[in-house]
Amino acid sequence: MSQRRKFIQHLATGLAVAVPAAAFAASPFGGATSAPRTVKGQKSTPNYIFNVVDYGAVPDGKTLSTKAIQNAVDDCGKAGGGKVLVTPGVFLSGPIFLRSNVEFEILAGATILASPNFDDYPTIQGRWEGNDRTIFASLFTGLDLENISITGRGTIDGQGPIWWEANRKTNQLRKQAGITEREPENPPGSPLKWPRPRMINLYRCKNILVSGITVRQSPSWNVHPVLCENINIDGITILNPNRAPNTDGIDPESCKDVRISNCYISTGDDCIILKSGYRYREGGVPTENVTITNCVFKDGWAGVGIGSETAGGIRNVVASNCVCIGTRMGFYLKTARGRGNVIENVSVSNWIMRDLSRTALYISMFYSGERRLMPVNEFTPTIRNIHLSDIVVDGAQRAGLVEGLPERAIEDVSIRNVTVTSAKQGFVCSSANGLRFENVSANAEETPALGATNVRELEISRFTSKKPHPQQPVIQLSGVEDAVLQSCTAAPGTVTFLEITGNNNQGITLFSNRLAKSSKSVAFTNGASEAVLEKLT
């Protein structure tokens, strides 16, 4: 006997596993009819692969297979768990209700095609745009489950155009009836009685894995977990037309411990957006402990966003190593009066943003509402501890916006190691306390590279504009208190590096700046006094 054969025989004996011969003959995709596995010293285990074809699902793209697929899922759940397998072909289906301990695997070459018949969609009590209400069940729906997976290299297709057109007509009727955006009921005769399905919609679930699949043509949001914990979304592709309405990519809402990685998302709305409910109420559930990494975003509204539904609070978020191409916004944080609670501890780093049609870095508490000063109450939101670093912006309408409320400023924002090679407008900042710019290069065609109004404790270090506009200062300050500008550089061609405007500035310090290449280092306009400068070197 050869040494190789002796080794294999010894290994098999040491493992002490007895596998019946029938198991070798069975197809690996044999489903409920394949032979059970037997391990020495244990009883036979039940089969753990449930092939939807064995339950009568027809891969012709025409025969409605909802019942067959659901039966496979139900049997898998009743068996204690396992895998529901979708083999190559196109399977037409209405909503599938997942079960605990079930992995739903869609093989390469397989497609779950959502039914275009609205009557095939039952309703559930869920959440839409932050409000709890009746909604259509989604293609994959999960309620109060644990240990669930949707995996594979296959595709789920929502046949979105029929839903988008129905939504357009419904919105027209709502507008004619004077129904506001957030009111739940649609007028009689609307094509849609309830909000559109999502592709994957999960409520109060734990231990979730979504990986590998392609999601396309969603009726509305693509992946929407609500009140869920321990979510891992890895390596999925989401494809929707650029103008498809409300087709957000991934929307964790009031979720905890979320990991999103290695995804490609091109859609008609925000690519990834974190939410936590629309109206402030005591006991709201936050979205917290979120990491987003190694993703590419194409088209859509924002690469990564927060809000505008933030009533439960959002905290502890890291978004790193991402690329935005052709989105409207890059990073987009938005909230408004009435949402309440706190958005805090957010880090965005190592991004490339290119060809954005609007703002690269956007942080605003004015998603809606009047600009005038209002009383502070429990419905007033708070934004603090937001840090953006190591970002390249190559083409945008505006480099950045940091915009607090007059009654509640944004607190502790840093923008560090950022290069804006091309933008029509620079950074615009207002109503902020503790705002820091460090090692920032920003070129703006139409406005100052950096403008700050009503800002306290402003620090600007190593800031320059390599292509200054002759009609604009590089930096413009108005209503600024306790500001330090140090180690900044005036590029060749700079006319005015710093303009201080208005009579409500105080405590501005310039230190170790290289401004000799500007015609005028500092200009005082609209009643500003040189007395506001505490030190000029």
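Thresholds, definitions, all that
Residues numbered from 1 in each chain as written. Predicted model: local features only at pLDDT ≥ 70, side-chain atom pairs only at ≥ 80, totals over all residues. Heavy atoms only, no water. Patch = residues over 30% accessible without salt bridge, like charges linked within 9 Å, V, L, I, M, F, W, Y side chains within 5 Å. Areas by Shrake-Rupley, 256 points an atom, 1.4 Å probe, with all protein chains shown as cover. Salt bridge = Lys/Arg side-chain N within 4 Å of Asp/Glu carboxyl O. Helix = DSSP H or I, 4+ residues; strand = E, 2+ residues; numbered from the N terminus. Buried < 20%, exposed > 50% of the residue type's maximum accessible area, 1.4 Å probe, protein only. Core = buried A, V, L, I, M, F, W, Y, C linked by side-chain atoms within 4.5 Å. Contact = heavy atoms within 4.5 Å. Polar contact = N/O pair within 3.5 Å; in protein donor to acceptor, adjacent residues only side chain to side chain. Pairing = 2+ DSSP bridges.

## Concerning a nonpolar patch on the surface
For step 1, the next point in the chain: On the surface, Leu-239, Tyr-264 and Val-296 cluster together into a nonpolar patch covering about 210 Å² of accessible area.
For step 2, the next point in the chain: Among the secondary structure elements, Tyr-264 is positioned in strand E20 (residues 264–266).
For step 3, the next point in the chain: The partly exposed category is assigned to Tyr-264, whose relative accessible area is 33%.

## Describing the nonpolar core
For step 1, the next point in the chain: Grouped together as the largest cluster of nonpolar side chains are 126 residues, with contacts concentrated most on Phe-140, Phe-427 and Phe-463.
For step 2, the next point in the chain: Per-element tally for this core: the top contributor is strand E30 (residues 410–444), with 13 residues.
For step 3, the next point in the chain: The next biggest cluster of nonpolar side chains, apart from the first, holds seven residues, and it includes Ala-137, Tyr-203, Trp-221 and Val-226.

## Regarding unusual backbone geometry
For step 1, the next point in the chain: The peptide bond linking Gly-307 to Ser-308 adopts the cis configuration, its omega dihedral lying at -5°.
For step 2, the next point in the chain: Its identity as a non-glycine residue notwithstanding, Leu-227 has a phi of 55°, on the positive side.
For step 3, the next point in the chain: For Leu-227, the position within the fold is in the loop between strand E16 (223–226) and strand E17 (229–234).
For step 4, the next point in the chain: Classification of Leu-227 by relative accessible area gives partly exposed; the value is 29%.

## Remarks on the environment of Asn-289
For step 1, the next point in the chain: Structurally, Asn-289 can be placed in strand E22 (residues 287–293).
For step 2, the next point in the chain: In sequence terms Asn-289 and Cys-255 are 34 residues apart; their C-alpha atoms lie 8.6 Å from each other.
For step 3, the next point in the chain: Apart from the residues within four sequence positions on either side, Asn-289 is in contact with Lys-256, Asp-257, Val-258, Arg-315 and Asn-316.
For step 4, the next point in the chain: A distance of 3.0 Å separates polar atoms of two side chains, one belonging to Asn-289 and the other to Asp-257.

## Some points on the environment of Trp-221
For step 1, the next point in the chain: With respect to the helices and strands, Trp-221 occurs in the loop between strand E15 (214–216) and E16.
For step 2, the next point in the chain: Among the residues examined, Trp-221 registers a relative accessible area of 3% and is labelled buried.
For step 3, the next point in the chain: C-alpha separation for the pair Trp-221 and Ser-138, spaced 83 residues apart in sequence, amounts to 10.0 Å.
For step 4, the next point in the chain: With residues up to four places along the chain from it excluded, the contact list for Trp-221 reads Trp-128, Glu-129, Arg-198, Met-199, Asn-246, Thr-247, Asp-248, Asp-251, Glu-253 and Lys-275.

## A few points about the sheet that holds strand E10 (residues 140–143)
For step 1, the next point in the chain: The parallel open sheet is built from four strands, whose spatial order is E5-E10-E13-E16. A strand with exactly one partner marks an edge of an open sheet, and here the two such strands are strand E5 (96–97) and E16.

## Brief notes about the pattern of salt bridges
Oppositely charged side chains can form a pair if their charged atoms are brought close together.
For step 1, the next point in the chain: Enumeration over the complete set of coordinates arrives at 20 salt bridges.
For step 2, the next point in the chain: A salt bridge links Glu-309 to Lys-275; the shortest N-O distance between them is 2.4 Å. Taken together, the residues Glu-309 in the loop between strand E24 (302–306) and strand E25 (314–325) and Lys-275 in the loop between strand E21 (272–274) and E22 connect sequence positions 34 residues apart.
For step 3, the next point in the chain: The class of Lys-275 is buried, set by a relative accessible area of 4%.
For step 4, the next point in the chain: Overlapping salt bridges bring together Arg-127, Asp-132 and Glu-253 as one network.

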